[in-house]
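Spelled out from the first residue to the last, the chains are:
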Amino acid sequence: WTLHQFVCMTFWCVCTSLLLLTACKDPGIMHGPTEIPPHIAADESQFRDWRFCQKCQIYQGPLTAHCNDCKVCIDELDHHCPWMSKCVGKGNMKWFKLFNLSWVIYFVYALMSSFT
């Protein structure tokens, strides 16, 4: 193997592994609460950030949102990824960021090596 082949194969393995981790990790599916926790209900400043999801029948925290594609509420929902057919949220965000970083580095390396 040449150095270039080794680097490309390593990048491919890293990118694929990070994509699989992103796709297989729970994005942060919320299963409750069905009632606002008492410590939140007692504090008016925190209470107004909570809302009720009619579709899931749960209370959503300040950063939780409902995904219409997955039909669930996701903690810290960023977006629904059509290529993975999965949401990106609190549970798999770090793997998603690492995946994007790895393929961008791989792309820059491939672009630079094509000019030499």
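Just so we're clear, the structure is a prediction, and the values are computed from it rather than from any experiment. (Residues numbered from 1 in each chain as written. Predicted model: local features only at pLDDT ≥ 70, side-chain atom pairs only at ≥ 80, totals over all residues. Heavy atoms only, no water.)

To continue, consider the nonpolar core. Judged by nonpolar contacts, Cys81, Met84, Val88, Met93 and Phe96 together constitute the single largest core of five residues. Phenylalanine 96 has contacts with Thr22, His79 and Val88, leaving out every residue within four places of it along the chain. (Core = buried A, V, L, I, M, F, W, Y, C linked by side-chain atoms within 4.5 Å. Buried < 20%, exposed > 50% of the residue type's maximum accessible area, 1.4 Å probe, protein only. Contact = heavy atoms within 4.5 Å.)

On to helix 4 (residues 93-114). Over its 22 residues, helix 4 runs 32 Å from end to end, which matches the ideal 32 Å to within 8%, given 1.5 Å per residue. Those residues of helix 4 that fall on the buried side of the exposure criterion are Met93, Phe96, Phe99 and Ser102. Along its buried surface, helix 4 packs onto helix 1 (3-24), strand 5 (79-81) and strand 6 (86-88). (Helix = DSSP H or I, 4+ residues; strand = E, 2+ residues; numbered from the N terminus. Expected span 1.5 Å × (residues − 1).)

Now for the packing of aromatic side chains. Under the defined criterion, the tally for this structure stands at three aromatic pairs. Centroid distance phenylalanine 11 to tyrosine 109: 6.0 Å. Interplanar angle 35°. Geometry classified as tilted. In this pair, phenylalanine 11 is assigned in helix 1 and tyrosine 109 in helix 4, connecting sequence segments 98 residues apart. Members of the aromatic cluster, connected to one another through ring pairs, are Phe11, Tyr106 and Tyr109. (Phe/Tyr/Trp six-rings, centres within 6.5 Å; stacked < 30°, edge-to-face > 60°.)

Right, let's get into unusual backbone geometry. Phi angles above zero are rare outside glycine, and glutamate 76 is one such case at about 55°. With respect to the helices and strands, the residue glutamate 76 is situated in the loop between strand 4 (72-74) and strand 5. The phi torsion at serine 85 lies on the positive side, around 55°, for a residue other than glycine. Mapping serine 85 onto the fold places it in the loop between strand 5 and strand 6.

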